[in-house]
Amino acid sequence: AVYEIFFLKVPHYVISDFVGLVKAKKEKGFVNFLLREMIRQTDGDIANLDMPKSAIKSMSLKYSFPVDFTVELSKEFNKKKAEEIFSILSKETPSVFIPNKFHSEMPAIKAKEVLPDVFEVDNGEEYILQNQKGSILMFEKTSYFPVMLLNPKENEEILDITAAPGNKSFMIYNLMNGNINLT
């Protein structure tokens, strides 16, 4: 109901329809009150909703991540980097690829670099063919974040206990030019 009222801009009189979906009479009154109060306090515009004063709580609410996770990510990096990560994770991400540095045939594909050594897919058929040949590895952009967060260094020893099907292991190995002990 909140989504339809604030984002799809359905007329406010449909609140009765939403309330009608609630089974218990006591809960109907609560839902009716809540929806009408939200509209009253915001003049029907979600942009008028008061956000929490705390930057962490506001970021948590904005990107729909738990507060404790937002706190920990902000400690690990900083608030600006945490917000950048949340922003990317909240968007629909395009497929991307990394070239396989160990394949005998490097593809001659022109593509936009979106992260270091990570390129955006813009013509699916050619990329699918190269992926099948093993000259590139295609994946969703968000799949690269664990590798970025790990920030591996050459000659490190890394135990990947989530290595199925092994894309992140391959990303790490490829990123370090094979100069890593990956188990």
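Refer to the structure printed above.
Residues numbered from 1 in each chain as written. Predicted model: local features only at pLDDT ≥ 70, side-chain atom pairs only at ≥ 80, totals over all residues. Heavy atoms only, no water.

A.B. asks: Could you give an account of the environment of N32, with specific residues and numbers?
C.D. replies: With respect to the secondary-structure elements, N32 resides in helix α3 (residues 25–42). Overall, N32 belongs to the partly exposed group, its relative accessible area being 27%. Along the primary structure N32 and I15 are separated by 17 residues, whereas in three dimensions their C-alpha atoms are 6.9 Å apart. In this structure, N32 is in contact with I15 and V19, ignoring residues within four places of it in sequence. (Helix = DSSP H or I, 4+ residues; strand = E, 2+ residues; numbered from the N terminus. Buried < 20%, exposed > 50% of the residue type's maximum accessible area, 1.4 Å probe, protein only. Contact = heavy atoms within 4.5 Å.)

A.B. asks: Got a sec to walk through the nonpolar core? Specific residues and values, please.
C.D. replies: Looking at soluble globular proteins, one finds that nonpolar side chains tend to be buried together. Ranked by internal contacts, the top residues of the largest apolar core, which has 13 residues, are I98, V118, F139, Y144 and M171. Of all the elements in the fold, those that place two or more residues in this core are β1 (95–99), β4 (136–140) and α9 (167–175). Ignoring sequence-local partners within four residues, the contact set of M171 consists of I98, L137, F139, S143, Y144 and V147. (Core = buried A, V, L, I, M, F, W, Y, C linked by side-chain atoms within 4.5 Å.)

A.B. asks: Quick rundown of the packing of aromatic side chains? Include the residues and the values.
C.D. replies: Within the structure shown, the criterion is met by 8 aromatic pairs. Both rings, one in Y63 and one in F86, keep their centres 6.0 Å apart while their planes meet at 35°; by these two values the pair is tilted. Here the residue Y63 occupies a position in helix α4 (residues 55–63), and F86 occupies one in helix α6 (residues 79–90), the gap between them amounting to 23 residues. The exposure class of Y63 is buried, given its relative accessible area of 13%. (Phe/Tyr/Trp six-rings, centres within 6.5 Å; stacked < 30°, edge-to-face > 60°.)

A.B. asks: Help me get a handle on α6, residues and values and all.
C.D. replies: With 12 residues, α6 should cover 16 Å at 1.5 Å per step; its first-to-last C-alpha distance of 16 Å lies within 8% of that length. Listed in full, the buried residues belonging to α6 are A82, I85, F86, S87 and I88. Looking at the packing, one finds that the buried side of α6 touches α4, α5 (67–76) and α8 (145–150). Regarding α6, its N-cap is N78, as a side-chain oxygen of that residue lies 3.0 Å from the backbone nitrogen of K80 further along. (Expected span 1.5 Å × (residues − 1). Polar contact = N/O pair within 3.5 Å; in protein donor to acceptor, adjacent residues only side chain to side chain.)

A.B. asks: With reference to specific residues and values, describe the pattern of salt bridges.
C.D. replies: With the rule as written, the count across this model stands at 5 salt bridges. E83 is paired through a salt bridge with K62; the nearest N and O atoms lie 3.4 Å apart. Taken together, the residues span a long stretch of sequence, with E83 in helix α6 and K62 in helix α4 at a distance of 21 residues. For K75, the salt bridge goes to E72, with nearest N and O atoms at 3.4 Å. Here the residue K75 and the residue E72 both occupy positions in helix α5, the gap between them amounting to 3 residues, near one helical turn. Exposure remark for K75: the relative accessible area of 60% places this residue in the exposed category. Taking the relative accessible area as the measure of exposure, E72 reaches 47% and is therefore partly exposed. (Salt bridge = Lys/Arg side-chain N within 4 Å of Asp/Glu carboxyl O.)

A.B. asks: Hey, could you go over the sheet that holds strand β2 (residues 113–115) for me, with residue numbers and the actual values?
C.D. replies: Read across the open sheet, the 4 strands follow the order β2-β3-β1-β4; overall the sheet is antiparallel. The open sheet has two free edges, formed respectively by β2 and β4, since each of these has just one partner strand. Adjacent strand axes in the sheet meet at a mean angle of 40° when their direction is disregarded. With 5 bridges joining them, β1 and β4 adopt antiparallel strand pairing. Looking at β4, one finds that V96 is bridged to F139. (Pairing = 2+ DSSP bridges. Axes fitted to C-alpha atoms, helices over the stretch in contact; angles between N-to-C directions.)

A.B. asks: Account for the packing of α5 against α6, naming residues and giving values.
C.D. replies: At a minimum axis distance of 7 Å, the contact between α5 and α6 shows a crossing angle of 125°. In terms of axis orientation, α5 runs oblique to α6. In the packing of α5 onto α6, the handedness of the crossing is right-handed. Counting all contacts with α5, which are made through F69, T70, L73 and S74, the residues of α6 involved are K79, A82, I85 and F86. Considering only residue class, the contact of α5 with α6 consists of 5 nonpolar, 2 polar and 1 charged. (Parallel < 35°, antiparallel > 145°, perpendicular 65-115°, else oblique. Left-handed = near helix turned anticlockwise from the far one by under 90°. Nonpolar A, V, L, I, M, F, W, Y, C, P; charged D, E, K, R; others polar.)

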